[in-house]
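# Understanding the architecture of this molecule
Residue-level listing of the chains:
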Amino acid sequence: MRGSNPKRLISLGKKLFEKIYRRKQCCWHNHDVHFMAREIDQWLPQGVESLLDGSYNPRMLKRMYLPNEVIDHVHLSDRIYQHLMLKIIKPTFKHVMNPNCYHMQGPSGVKRATAHIQQVLQKLKPKYFIRADIKSYYKSIVHYKLTEDIKQHYHDTKLISMLENIINNPIEAPYGDLNPYTGIALRGPLSQFFSAIYLKPLDDAIQKMDVDYLRYQDDILILCKTKRQLNRCKRRMMEVLHERHLKLSRRKTRMGKIEEGFHFLGVSYPQTQPEDKTDTVTARIVPHARTLRKARENIKQMVADSVSRSKIKSYLFRWLCWWATTSGIWERETLLNWFIESCWESEPLQVAHEIQKDYFKKLHSSPLPF
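The rules behind these values
- Residues numbered from 1 in each chain as written.
- Predicted model: local features only at pLDDT ≥ 70, side-chain atom pairs only at ≥ 80, totals over all residues.
- Heavy atoms only, no water.
- Phe/Tyr/Trp six-rings, centres within 6.5 Å; stacked < 30°, edge-to-face > 60°.
- Buried < 20%, exposed > 50% of the residue type's maximum accessible area, 1.4 Å probe, protein only.
- Lys NZ or Arg CZ within 6 Å of the ring centre and 35° of its normal.
- Pairing = 2+ DSSP bridges.
- Helix = DSSP H or I, 4+ residues; strand = E, 2+ residues; numbered from the N terminus.
- Contact = heavy atoms within 4.5 Å.
- Core = buried A, V, L, I, M, F, W, Y, C linked by side-chain atoms within 4.5 Å.
- Salt bridge = Lys/Arg side-chain N within 4 Å of Asp/Glu carboxyl O.
- Axes fitted to C-alpha atoms, helices over the stretch in contact; angles between N-to-C directions.
- 1 Å grid on protein atoms, 1.4 Å probe; cavity = no way out; pocket = protein on both sides within 12 Å on 5 of 7 lines; lining within 4 Å.
- Points joined across faces, edges and corners; volume = space filled by probe spheres on them.
- Nonpolar A, V, L, I, M, F, W, Y, C, P; charged D, E, K, R; others polar.

One pair of aromatic rings is described through two measures. These are the centre distance and the angle between the planes. Counted by the stated rule, this structure contains 14 aromatic pairs. Pairing tryptophan 322 with tryptophan 323 gives two aromatic rings, centres 4.9 Å apart and planes at 90°, and the pair type is edge-to-face. A relative accessible area of 9% means that tryptophan 323 is categorised as buried. Put simply, the rings of Phe17, Tyr21, Trp43, Tyr56 and Tyr81 pair up and form one aromatic cluster. Over the ring of phenylalanine 35 we find arginine 38, and its NZ or CZ is 4.9 Å from the ring centre. Lying over the aromatic face of tyrosine 198, arginine 244 brings its terminal NZ or CZ to 4.8 Å of the ring centre.

What follows is the structure, encoded as structure tokens:
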């Protein structure tokens, strides 16, 4: 952790906390966030100092049981410290991470992966694919193997010690403390870093084969020209996953010929060689049904929570802009039409029609009325 500027880290930490505090300032008066806001000039410099001298040790995770999921909550102060740690080690990613691991490329990772797939389908026209999803990936990461991987790529003993403390962090549960040997916090600041480095052996192994390979967290896509390549990639992938103590999700994993198309990162891709030779691949790439359904469900939830109409419309408009930018080929108006066609609930449909009326029909006269 040498070479880091303490003043710069403290400044970054304050900016991160301000963003969090703006979202949580309406919490009840005894919430930790209010105490931390008053005492930020004490705990933040102490935490930065512990990062730099290698003595940082996080608080216990707090397990919360929700109706549909179990969340291991990282304390607010640890969230700030681990974000700062990520900033410190980020310059090493270009030397450590595989370039086919797209979720480590920042907010543009989905856009770059989508553009790469479009280019491969258009020019190389692969005939076979493997679209794999790892079952309970974050819960299945083995601590000692992840620690060995970090030691293989990093040689700073202080950094290794702090990362090991984060990986082996005990969990405070309602019925007693836990010390699991597998699993990392899904929403932790370092979770994507850990997920990238744990499957680096798979990234490196498939990259050596003459195929197109992409990974985004636990989503894997391999595009092959021949069936022999498909079988070799499948065999090698299963060998690495077995060594990593991981299993594929049968429900979400597909492999075989690209005849009926496939989907990846929320985008549905067409078959490589359609009957209509004049049709282009990019002209038939559409959002996956789950992508549209998620937007509809979010709008329904916002309506149920009595969120203002302007905020709901703002959400849908930002969703249109994000996907238009990410795909590189879709227009916002086209996306909105697809969204409307997929709606059968009244709330999302009304919001979509209001967007269509208030913005797209008055584009030149009124840029954004909400």
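Turning our eyes to something else, we now look at the sheet that holds strand E11 (residues 286–287). Strand order across the open sheet formed by 3 strands is E9-E10-E11, with antiparallel pairing between neighbours. Each edge of the sheet is formed by a strand with only one pairing partner; in this case those strands are strand E9 (262–264) and E11. In the sheet, strand E10 (residues 267–269) pairs with E11 via 2 bridges, with the strands oriented antiparallel. Paired with serine 268 across the strands is valine 286, a residue of E11.

On the secondary structure map, glutamine 217 appears in the loop between strand E6 (212–216) and strand E7 (219–224). Excluding residues that lie within four positions of it along the chain, glutamine 217 makes contacts with His103, Tyr137, Tyr138, Gln192 and Leu199.

Okay, the nonpolar core next. Note that soluble globular proteins tend to have their nonpolar side chains buried in a common cluster. Counting residues in hydrophobic clusters, the biggest one holds 64 residues, and the most contacted among them are Met85, Leu146, Ile150, Phe193, Phe194, Leu202 and Ile222. Among the elements that line this core, the one with the most residues is helix H4 (residues 76–89), at 7 residues. Those residues in contact with isoleucine 150 that lie beyond four places of it in its chain are Ile160, Leu163, Ile167, Phe194 and Ile197. Judged by nonpolar contacts, the second largest core, of 40 residues, contains Ala295, Ile312, Trp323 and Phe339.

Once that is clear, we can look at unusual backbone geometry. Backbone geometry at glutamine 217 places phi at a positive 60°, although glycine is not the residue there. Note on glutamine 217: relative accessible area 18%, which makes it buried. The phi dihedral of serine 306 falls on the positive side, at around 60°, and the residue is not glycine. Looking at serine 306, the relative accessible area reads 64%, which means it is exposed.

Moving on: the pattern of salt bridges. By the definition in use, this model includes 14 salt bridges. Glutamate 69 is paired through a salt bridge with arginine 187; the nearest N and O atoms lie 3.5 Å apart. Note that glutamate 69 is positioned in the loop between strand E1 (61–65) and strand E2 (70–73) and arginine 187 in the loop between strand E5 (176–178) and helix H10 (191–198), a separation of 118 residues in sequence. Using a relative accessible area of 33% as the deciding quantity, one classes glutamate 69 as partly exposed.

Turning next to the pairing of E6. Most of E6 sits inside the fold, with 5 of its 5 residues counted as buried. Both faces of E6 are covered, namely the face carrying Asp212, Leu214 and Tyr216 and the face carrying Tyr213 and Arg215. In this antiparallel pair of consecutive strands, E6 and E7, the connection spans 2 residues, and glutamine 217 shows a positive phi of 60°.

Attention now moves to the environment of aspartate 218. Inspection of the secondary structure assignment puts aspartate 218 in the loop between E6 and E7. Between the C-alpha atom of aspartate 218 and that of lysine 234, which follows or precedes it by 16 residues, the distance is 16 Å. Discounting chain neighbours no more than four positions away, the residues touching aspartate 218 are Ala132, Asp133, Ile134 and Tyr137.

Next up on the list: the sheet that holds E1. Here we have 4 strands laid out as an open sheet, ordered E2-E1-E4-E5, and mixed in their pairing. Two strands lie at the open edges of the sheet, namely E2 and E5, each paired on one side alone. Each adjacent strand pair in this sheet contributes to an overall mean axis angle of 30°, direction not counted. Where strand E4 (residues 171–173) meets E5, 3 bridges bridge the pair, whose relative direction is antiparallel. Residue pairing for E5: glutamate 172 is matched across the bridge by aspartate 177.

Owing to its 3.6 residues per turn, the α-helix aligns residues three or four sequence positions apart on the same side. Taken across its 8 residues, H10 has 7 buried, putting it largely inside the fold. For H10, every residue scored as buried is listed here: Ser191, Phe193, Phe194, Ser195, Ala196, Ile197 and Tyr198.

A separate point is the layout of surface pockets. Considered as a void within the structure, the largest pocket measures approximately 1,000 Å³ in volume. Forming the walls of the largest pocket are 28 residues, and the residues nearest its centre are Asp219, Leu265, Gly266, Arg290 and Lys294. At 5 residues, the largest contribution of residues to the lining of the largest pocket is made by helix H13 (residues 289–304). When the residues that make up the lining of the largest pocket are grouped by side-chain class, the tally is 10 nonpolar, 8 polar and 10 charged. Here the second largest pocket is characterised by a volume of approximately 860 Å³.

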